Amino acid sequence: MIVFEEVVKRYPGGYTALAGVSFEIRHGELAVLSGHSGAGKSTLLKLIAAIERPTSGTVRISGQDVSRLRPRAIPYLRRNLGLVLQESRLLYDRSVVDNVMLPLVITGHPPRDAARRVAAALERVGLAGRDREMPAGLSGGEQQRVAIARAIVNRPSILIADEPTAHLDSAYANEIASLFKSFNAAGVTVLVSTHDDRLFAEHKPRRLVLGKGLLVGAVA
Amino acid sequence: MMNWLYLHVRAFALAVGRLASQPLGTLLSALVVGIALSLPAAGYLLLDNAASLARGVSGTPEISLFMTQDASAADIAAIEKRLRAEAELAGFRHVPKDEALRQLERSGLGDVLGGLTSNPLPDAFIAMPLGDDPAIYDALHARIKAWPGVAHVQLDSAWVKRLHALLGLGQSAVLLLAGLLGFALVIVTFNTIRLQILTQRHEIDVSRLLGATDRFIRRPFYWFGILQGLLGGVVALATVWATVHALAPPVASLAATYGAVFTLTGPGLRESAAILGFAAFLGWLGSAISVRRHLAERLS
């Protein structure tokens, strides 16, 4: 499902974020990517979403070689990924429902079907009935839940999250971790990066540990 | 197809929302576009009206065809047949030599003519050409002159040539003005869209991450440019109508002093559609150039 083969990512200026990383995450797995700040976690996730391109090596998503994807094909790859970034990246001048509906608007879903899917996604993340509120009026944890609802509303087969609990206290962080576990239980492949090793521990995920751009540990 | 239509309707609604969210900015842009467009539009209409007025004042040009003195009835009938076959003539009339003499006598030259033993005047034809193209007149003149039995052909087209030259000059000036102001309008839209892209950059970035294509991101900006151009076109039409309304009475008075009945007319349905279409096209062009340039910058 997600395959990295000797992936190197070197930024202009010479900084090497990934120095030859290889791993495979199978369909339906829950994987946690950990490592210290600057270990290359965000770069690795960006390579999966084709936000960055590898300097060398191959990144394959569901059999598709992302490293050689034409720019025009990238949007269609992203539509099959659920993406949750460190900052929630919400549109603060739009209501919760408008934020969550955006991926469906992009794919041109009929409004009635889109409204039904948004309601289901908000219910899934525990924000049912909050759809008319503005993001600025929500707590950090709730904003992250909106971002997660937006990521799953398109029913992606892969969910990728870059430190989704970075700015949350432990209670909120555990709630978010449980949400990801529930998505995984429903058959979604989940890859979450975190600097907190204790998070997800009770869900027994597969662990990938990055250090200085190299995979220094992998626990099945 | 339905999906494509839905995405366009959504982009259109988004553009309307963006215009409505900044009423003052929208009004000012529409005024800038409208006033700039109204200058060449009004120029074109005034030119069109001036051409009609000049035609009314000067009358239709005529070609006078004089037969030889010894032209027989058969020669005259042959010329009449040739004139009838001419496609570029609106009509003609025959002036027999006797009638021409009577007209001359009535004009006060009876005493002079009384001393003559025979009628010195030839049979003549007065022909009215179609249209007002001097080139057609010249071609007709050359053709008729070569016909057998024709002694002299007189073409009164100097004023038509002058009028055409003046109208041509006016048309060139209007075209130049329209080109320059159109370019200015493209720049105005270009800059408005640039600011829109800067304002919407967060939404653009988020949409890209969620799988938005370039077309999806560009559409609302295209519609914004088209709508801004259309609003400007409406302002231009209103300005032209107001100008025509204000100038109609003094122009009618001026025409009356030349013995002509003339009413200044505003843009018809075709001209109105052309002004709106041109305005919308300029808006689209400005937005297309701006979107292409600034979205590419954001991508890089």
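**Q** Mind laying out the domain arrangement of chain B, listing which residues take part and the relevant values?
**A** Domain annotation for chain B reports domain 1 (2-57 + 162-299) and domain 2 (62-156). Distance from the C-alpha centre of domain 1 of chain B to the C-alpha centre of domain 2 of chain B: 52 Å.

**Q** Account for the domain arrangement of chain A, with residues named and values stated.
**A** Residues and elements named next belong to chain A. Taken domain by domain, chain A consists of domain 1 (1-80 + 157-220) and domain 2 (85-155). Once you take the C-alpha centre of each, domain 1 and domain 2 turn out to be 23 Å apart. Each partner contributes residues to the interface: domain 1 has 13 residues there, and domain 2 has 11 residues. Of all the secondary structure elements, the ones that give two or more residues to the side of domain 1 that touches domain 2 are strand E7 (158-162) and helix H6 (170-185).

**Q** Got a sec to walk through the environment of Gly57(A)? Specific residues and values, please.
**A** Residue and element names in this part refer to chain A. Within the secondary structure, Gly57 is located in strand E4 (residues 56-61). For the pair Gly57 and Leu77, spaced 20 residues apart in the sequence, the C-alpha separation amounts to 19 Å. Once residues within four sequence positions are removed from consideration, Gly57 is found in contact with Glu5, Glu6, Val7 and Val8.

**Q** Please set out the interface of chain B and chain A residue by residue, giving values where relevant.
**A** Facing the 14 residues of chain B at the interface are 12 residues of chain A. For the side of chain B that touches chain A, the element with the most residues is helix H7 (residues 201-209) of chain B, which contributes five residues. Its residues placed into classes, the side of chain B that touches chain A shows seven nonpolar, five polar and two charged.

**Q** Please provide a residue-by-residue account of the sheet that holds strand E4 (residues 150-155) of chain B, values included.
**A** Residues and elements named next belong to chain B. Reading across the sheet, the four strands line up as E2-E3-E1-E4 and stay open at both edges, with antiparallel pairing between neighbours. Both edges of this open sheet fall to strand E2 (89-95) and E4, since each of them pairs with a single strand only. For this sheet the average axis-to-axis angle between neighbouring strands, irrespective of direction, equals 20 degrees. Sheet topology note: the E2/strand E3 (residues 124-129) ladder contains six bridges and is antiparallel. Note on E3: the bridge partner recorded for Val95 is Ala124. Running over the sheet, helix H5 (residues 134-145) touches strand E1 (63-67), E3 and E4 and is turned about 170 degrees from E4.

**Q** Tell me about unusual backbone geometry, and name the residues and values.
**A** Residue and element names in this part refer to chain A. Look at Arg155: it is not a glycine, yet its phi comes out positive at around 50 degrees. Looking at the element boundaries, Arg155 is found in the loop between helix H5 (140-152) and E7. Its identity as a non-glycine residue notwithstanding, Glu163 has a phi of 40 degrees, on the positive side. Within the element layout of this structure, Glu163 appears in the loop between E7 and H6.

**Q** Now, about H6(A): what can you tell me, with residues and values included?
**A** Residues and elements named next belong to chain A. Its 16 residues give H6 an end-to-end C-alpha distance of 22 Å, which sits within 8% of 22 Å, the value for a rise of 1.5 Å per residue. Along H6, the residues classified as buried are Ala173, Ile176, Ala177, Leu179, Phe180, Phe183 and Asn184. Relative to the axis of H6, the buried residues are bounded by an arc of 150 degrees and lie together on one face. The exposed set on the far side of H6, more than 90 degrees from its buried face, consists of Ala171 and Ala185. In this structure, the buried side of H6 is in contact with strand E3 (30-35), H5, E7 and strand E8 (189-194). Within two residues after H6, Gly187 carries a phi angle of roughly 105 degrees, on the positive side.

What counts, and at which threshold
- Counting restarts for each chain, with residues numbered from 1 along the sequence as it is written.
- Each chain gets a letter, beginning with A, and each ligand a number, beginning with 1, in the order they are written.
- Where local features are concerned, this predicted model is filtered to residues with pLDDT of at least 70; where side-chain atom pairs are given and counted, the filter is 80 or more; whole-chain, interface and lining totals use all residues.
- The split into domains, and so the bounds of each, comes from an automatic or database assignment of domains.
- Think of it this way: build a C-beta for each residue from its backbone, and any pair within 7 Å is a contact.
- In this description a helix means any DSSP run of H or I spanning at least four residues, a strand means any run of E spanning at least two, and both kinds are numbered starting from the N terminus.
- The classification used treats Ala, Val, Leu, Ile, Met, Phe, Trp, Tyr, Cys and Pro as nonpolar, Asp, Glu, Lys and Arg as charged, and all other residues, Gly among them, as polar.
- Here, any two strands with at least 2 DSSP bridges between them count as paired.
- Angular values range over 0 to 180 degrees, each being the angle between N-to-C directions of two axes fitted as lines to C-alpha atoms, with helices fitted over their stretch in contact.
- By this rule, a helix spans an expected 1.5 Å times one less than how many residues it contains.
- With C-beta atoms placed from the backbone, a residue is buried if 20 or more other C-beta atoms are within 10 Å of its own, exposed if 12 or fewer are, and partly exposed between those counts.
- In this description, one arc is meant: the one made by directions from the helix axis to the C-beta atoms.

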